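The lines below spell out each chain.
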Amino acid sequence: GADRKFHNPDGASCPTEGWCPFNHFRTSGDINAGPMSWFANLQTTVRFLDASAPLSRPSCWAYPDMLEVGRVQGASFAWQRAHFGAWCVVSAPLVLGLDLTDTANLASVVPIVTNPEAIAVNQQWAGHPGRLVAQFDPPAAPP
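The following paragraphs examine the structure supplied in this document. (Residues numbered from 1 in each chain as written. Predicted model: local features only at pLDDT ≥ 70, side-chain atom pairs only at ≥ 80, totals over all residues. Heavy atoms only, no water.)

1. Some remarks on the overall build of the protein chain
For step 1, the next point in the chain: Assigned secondary structure in the protein chain consists of 4 helices and 2 strands.
For step 2, the next point in the chain: Reading the secondary structure of the protein chain in the N-to-C direction produces β-α-β-α-α-α.
For step 3, the next point in the chain: Counting only residues that meet the buried cut, the protein chain has 39% of its 143 residues in that class.
For step 4, the next point in the chain: In the protein chain, the proportion of contacts linking residues at least 24 apart, taken out of those at least 6 apart, comes to 66%.
For step 5, the next point in the chain: Put simply, the protein chain shows about 7,900 Å² of open surface, and 58% of that area lies on carbon and sulfur atoms. (Helix = DSSP H or I, 4+ residues; strand = E, 2+ residues; numbered from the N terminus. Buried < 20%, exposed > 50% of the residue type's maximum accessible area, 1.4 Å probe, protein only. Contact = heavy atoms within 4.5 Å. Areas by Shrake-Rupley, 256 points an atom, 1.4 Å probe, with all protein chains shown as cover.)

Written out as structure tokens, the structure is:
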């Protein structure tokens with residue numbers, strides 16, 4: 001059938017190998033502008049990124065909530081870029097949540113969200129979304 005573009009706002013309907021609730025499905029609760037919120041939401045995608053049979057796949061994408069690029073409190077350019085890059089690597093839908101009328105903030109975000117290499121990674125399906133290959137606990141958000 002035709003692709004339907006819906007999402008699962010509460011994360012209650014998770015896919016199986018043969019069934020997907022929507023074109024993308026929420027893996028987490030709501031993200032916020034806290035410096036570690038995006039990192040915590042990213043971790044909720046791990047269970048859908050199995051090395052041999054990922055449940056996140058074309059027409060059934062794991063979605064750890066909207067991007068907070070440009071809104072993360074006290075975050076450096078590098079931390080904002082890491083947030084965007086992480087969503088690209090796991091093939092998450094790239095949904096921005098920011099004030100488009102704040103031109104100063106928008107100017108700082110545009111180089112991140114228009115990065116052609118990062119977007120190409122997000123859009124190119126090579127049989128698997130990116131996945132966790134090593135784990136550590138960061139001490140705190142970098143300056």
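2. Regarding the state of the cysteines
For step 1, the next point in the chain: In the structure shown here, the tally under the stated rule is 1 disulfide.
For step 2, the next point in the chain: Each disulfide pairs two cysteine sulfurs, and for Cys 20 the partner residue is Cys 60, the sulfurs being separated by 2.1 Å. With the S-S bond torsion at 95 degrees, the cross-link from Cys 20 to Cys 60 turns out right-handed. In this pair, Cys 20 sits in the segment before β1 (24-26) while Cys 60 sits in the loop between α1 (37-43) and β2 (61-63), placing the two residues 40 residues apart along the sequence. (Disulfide = S-S within 2.5 Å.)

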